[in-house]
Amino acid sequence: MAEAAILRVRHCRADIFCRRPPARCPACGRPLRGAGLPAAPLRLPSPFRHGHRQPRAFLLRPTAGTFLGGYDGKSDLHVGITNSHGVVYNYNEEGIHRAETGWEQCISIPLVQPDMFGLLQEWDKLLEEFSVGEAWLPHRYEEHDYNCYTYALAFINSVLAAQGKQQMSKSEFTEKFVIPQTKKASKYITLHQELTANEFYVVPLPDQEKRC
Ligand SMILES: [Zn+2]
């Protein structure tokens, strides 16, 4: 699922987004080569990660399809937690799944810092033991109140509790960790969609940045 890079060139007091750097500025027609550093193409970092290569992370993806494959910004999202080998544990109406494929384009939030040695060692065992509990049998699933998010957050909270740390509510976790990532993703998806239809997408810079 390779995604074509999005490049940004700055000229004519605007950000010009494109897939391939144009020889000339689409606004003024002047050559961009030799037009100074702002006009040099800069590759935008993708907000998406290959989920199976993200150990010990909270992952988020559309329930159906992919973020860059036509996600409309409103459809249901699905979440899961990876073990140290990138297997995605996730809960739905069929119970717990241990997915080795299907999470190739995700928003990823790492859950374990590299210096948390004890937790790094224990993670897979904790996740497996947590997931075989009766709490996650299929019949307990409810679309709005007891779902993939309930499962993932309950696991995160069980880890926090075992470390003597304060637990997090769904809104705390969402605001602190998820929303900053989904905001970036949403901007990137907009650019991606614009550049599927058009060669350039031009965004005028706000006044204080009009320096080039
Ligand atoms: Zn220009």
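For clarity, every value in this text was computed on a predicted model and none was experimentally measured.

### Digging into the coordination of the zinc ion
For the zinc ion, the full set of protein donor atoms is His-11 (ND1), Cys-12 (SG), Cys-25 (SG) and Cys-28 (SG), at a range of 2.0 to 2.4 Å. In this structure, the zinc ion is coordinated by four donor atoms arranged in tetrahedral fashion, with angles at the metal of 102 to 125°. In terms of primary sequence, the donors binding the zinc ion are separated according to H-C-x12-C-x2-C. Judged by its relative accessible area of 34%, Cys-12 falls in the partly exposed class.

### Considering the UniProt feature "domain: MKRN2 opposite strand protein-like N-terminal" (unreviewed entry) in the protein chain
In this structure's numbering, the residues bearing the UniProt feature "domain: MKRN2 opposite strand protein-like N-terminal" (unreviewed entry) are residues 6–32. Regarding residues 6–32, the helix share stands at 0% and the strand share at 37%, and the terminal C-alpha atoms are separated by 17 Å.

### Describing the packing of aromatic side chains
Using the criterion set out here, one finds 16 aromatic pairs in the structure. With a centroid separation of 5.0 Å and an interplanar angle of 15°, the aromatic rings of Phe-48 and Phe-67 are classed as stacked. Here Phe-48, found in the loop between strand E3 (42–43) and strand E4 (57–62), pairs with Phe-67, found in the loop between E4 and strand E5 (77–82); they are 19 residues apart in sequence, far enough to count as distant. For the pair shown, Phe-48 and Phe-67 are each scored as buried. With centroids separated by 5.4 Å and ring planes inclined at 85°, the aromatic side chains of Phe-67 and Tyr-71 adopt a geometry described as edge-to-face. Tyr-71 carries the same exposure label as Phe-67, and that label is buried. Connected via pairs of aromatic rings, a cluster forms that spans Tyr-91, Trp-123, Phe-130, Trp-136, Tyr-141, Tyr-146, Tyr-151 and Phe-155.

### Observations concerning the pairing of strand E1 (residues 7–11)
A large share of E1 lies buried, amounting to four of its five residues. Pairing between E1 and strand E2 (residues 14–18): five bridges, direction antiparallel. Residue pairing across strands places Val-9 opposite Ile-16, the latter belonging to E2. In this structure, the hairpin formed by E1 and E2 is closed by a connection of two residues, where Cys-12 is found at a positive phi of approximately 50°. Alignment of E1 against E3, held across two bridges, turns out to be antiparallel.

### Let's talk about the sheet that holds strand E8 (residues 107–110)
Spatial ordering of the open sheet is given by E7-E6-E5-E4-E8, a layout of five strands whose pairing is antiparallel. What marks the edges here is a single partner per strand, and that holds for strand E7 (95–99) and E8. On average, each strand axis in the sheet is tilted by 25° relative to the strand beside it, whichever way the strands run. Note that E5 and strand E6 (residues 88–92) share two bridges and pair antiparallel. Directly across from Ile-81, in E6, lies its bridge partner Tyr-89. Its contacts with the sheet put helix H1 (residues 117–131) on E5, E6 and E7, and the angle it makes with E5 is roughly 130°.

Rules and cut-offs
- Residues numbered from 1 in each chain as written.
- Predicted model: local features only at pLDDT ≥ 70, side-chain atom pairs only at ≥ 80, totals over all residues.
- Heavy atoms only, no water.
- Donors = N, O, S within 2.8 Å, 3.2 Å for Na, K, Ca; no water.
- Tetrahedral: all angles 85-135°; square planar, octahedral: opposite > 155°, others 65-115°.
- Buried < 20%, exposed > 50% of the residue type's maximum accessible area, 1.4 Å probe, protein only.
- UniProt positions renumbered as here; feature names shortened; annotations may be inferred.
- Helix = DSSP H or I, 4+ residues; strand = E, 2+ residues; numbered from the N terminus.
- Phe/Tyr/Trp six-rings, centres within 6.5 Å; stacked < 30°, edge-to-face > 60°.
- Pairing = 2+ DSSP bridges.
- Axes fitted to C-alpha atoms, helices over the stretch in contact; angles between N-to-C directions.
- Contact = heavy atoms within 4.5 Å.

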